[in-house]
Amino acid sequence: MWGTKMPTDEAESEDPDAESEESESEISPNLSQEIWCLLPDDAIERVMLRLPLLSLLKVRCVCKSWESSISSQTFTDLYNTSSKQNPWLLIFPHNNDDHVSTVGLAYDPSSRRWFDIPFKFLPFESKIVATGEGLLCMIPHGKHHNTDWLACNPISKIWRIIPSPPGLLKLFFLVVGLFVDPDYGVVDKRFQVVMAGSELVADDSDSFILVTQVYDSMRGTWQKGGSMLLDVPLSPWKATCQAVLYCVTGSPPYRVLAYDVKQASWSRVRARMPDHLMSVRLIDHHGKLLMIGGVCQIEDGTTTTTMTTIRIGIWELDSTRTAWIRHRWMPDQYCNDLLRSLSRRFVCIGQGNFLFFGNKRCNGILEHNLHAKSWRWIPLNSLFINIHYNMLR
């Protein structure tokens, strides 16, 4: 933190030229390159720990020693603990071959700028399935035969292999949650990956078994978790909140399910869902679970029933998990601009104080700051279609 010398009454009565000369003599030594070079490494590290992530990415390019220091396990641990950085929105455009790009685009809501996040350091082409505390869980993507998963930190470019979970080929509609213990380091940081998937009870049955596999990085193995019988498969939309993986069933009337990592068991959230809900999304808001959904107008035709989204609402699950309390509605102006497609569907992702809404017909992303109760459009190149959205914290 930089400080300035406050003027006194005596200083104000002195000759301005003398004051200027005195200031120059005081300031120039402080800016001397020789003095900065004499700073011990721990002092430089303490300065770096107070930098925002944007500035930290820039100073990595100053010299090899700073690059090595910032990418080290010790520094990353300290920065994750002390930083007040807002989560970033991370998106991956697809190319014409349906391959995920090796360069992600990260949006920092604090500086309101986009940045390139290269992923060429990974051993094979992958796509993100879960995020948590600066780590990404990724699975193979593209035309290769590697079945291993990955855990990586895109800033420090550290990665490790996760063996493919057992029974993966029998499952569909996978949901993956990443739970990170912040008390451990990046390379040896303890994390758990929870994979849940739907498996048919029998070929002639309409029932599904929700099965779970849990990977523990300390053991390096997968273990079978709890299971639950369902009449519909899961949707891909989920949220991790307070060591619980929350999921949504894949068709209306929607239900929210919860997997407690410590208890290794599934349960149904008893809170009654709002009526006529579509496009349900779940968000972690500082340890509180939010639900974002489109409220539909039902139109009965001669042969079909049409459900058209007319409003988008935000609800919070109460502490007893027995009621959804409405936060607010999206303003009509933004709602109409967002729902431009014929299906009037949307995607929403977020964490902490920020929500981001998207639609294939929109050439931008709608940002909502929950704390400031503000809404604004973020420009986005119209070439970016079929985007994969993720949050990087």
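These notes cover the structure that comes with them. (Residues numbered from 1 in each chain as written. Predicted model: local features only at pLDDT ≥ 70, side-chain atom pairs only at ≥ 80, totals over all residues. Heavy atoms only, no water.)

Structural notes on the sheet that holds strand E21 (residues 347-351)
Right, on to step 1. Strand order in this open sheet of four strands is E21-E22-E23-E24, and the pairing throughout is antiparallel. A single partner strand is all that each edge strand has here, and the edge strands are E21 and strand E24 (374-379). Strand-to-strand twist in this sheet, taken as the mean axis angle between neighbours without regard to direction, amounts to 25 degrees.
Right, on to step 2. Bridge count between strand E23 (residues 364-369) and E24: six bridges; the pairing is antiparallel. Looking at E24, one finds that glycine 364 is bridged to proline 379. (Pairing = 2+ DSSP bridges. Helix = DSSP H or I, 4+ residues; strand = E, 2+ residues; numbered from the N terminus. Axes fitted to C-alpha atoms, helices over the stretch in contact; angles between N-to-C directions.)

A few points about the environment of leucine 277
Right, on to step 1. Structurally, the position occupied by leucine 277 is in strand E17 (residues 277-285).
Right, on to step 2. Excluding anything up to four places from it in sequence, leucine 277 contacts Tyr254, Met291, Gly293, Gly294, Val295 and Trp315. (Contact = heavy atoms within 4.5 Å.)

Description of the packing of aromatic side chains
Right, on to step 1. A full pass over the atoms with the stated rule returns 13 aromatic pairs.
Right, on to step 2. Between phenylalanine 191 and tyrosine 215, the ring centres sit 6.2 Å apart and the planes meet at 40 degrees, which makes this aromatic pair tilted. Here phenylalanine 191 is found in strand E9 (residues 191-200), whereas its partner tyrosine 215 is found in strand E10 (residues 208-216), with 24 residues between them in sequence.
Right, on to step 3. Taking relative accessible area as the criterion, phenylalanine 191 reaches 2% and is therefore assigned buried.
Right, on to step 4. Here the aromatic rings of phenylalanine 354 and phenylalanine 356 are separated by 6.4 Å at their centres, their planes lie at 15 degrees, and the arrangement is stacked.
Right, on to step 5. Residue classification places phenylalanine 354 among the buried positions, given a relative accessible area of 6%. (Phe/Tyr/Trp six-rings, centres within 6.5 Å; stacked < 30°, edge-to-face > 60°. Buried < 20%, exposed > 50% of the residue type's maximum accessible area, 1.4 Å probe, protein only.)

Thoughts on the nonpolar core
Right, on to step 1. Counting 24 residues, the largest nonpolar core has Leu56, Phe75, Leu90, Ile117, Phe119, Leu136 and Met138 as the members making the most contacts within it.
Right, on to step 2. When contributions to this core are tallied by element, the ones reaching two or more residues are helix H4 (41-49), helix H5 (53-59), helix H7 (73-82), strand E1 (88-92), strand E3 (113-118), strand E5 (135-140) and strand E6 (149-153).
Right, on to step 3. Once residues lying within four places of it in the same chain are set aside, the contact partners of phenylalanine 75 are Glu45, Met48, Leu49, Leu56, Ser69 and Ile70.
Right, on to step 4. Counting 22 residues, the second-largest nonpolar core is a separate cluster that includes Val256, Met278, Cys296 and Trp315. (Core = buried A, V, L, I, M, F, W, Y, C linked by side-chain atoms within 4.5 Å.)

Section: the environment of serine 319
Right, on to step 1. Mapped onto the fold, serine 319 is located in the loop between strand E19 (305-317) and strand E20 (324-329).
Right, on to step 2. Taking the relative accessible area as the measure of exposure, serine 319 reaches 78% and is therefore exposed.
Right, on to step 3. The sequence separation of serine 319 and lysine 288 amounts to 31 residues, and the corresponding C-alpha distance is 8.3 Å.

A short note on the sheet that holds strand E13 (residues 234-241)
Right, on to step 1. Read from one edge to the other, the open sheet built from four strands follows the order E13-E14-E15-E16, with strand pairing classed as antiparallel. Strand pairing shows two members of the sheet lacking a second neighbour, E13 and strand E16 (265-268), which therefore form its edges. When strand polarity is set aside, the average angle formed by the axes of neighbouring strands in this sheet is 25 degrees.
Right, on to step 2. Across four bridges, strand E15 (residues 256-260) lies against E16 in antiparallel orientation. In the sheet register, alanine 258 faces E16, and the bridge partner there is serine 267.

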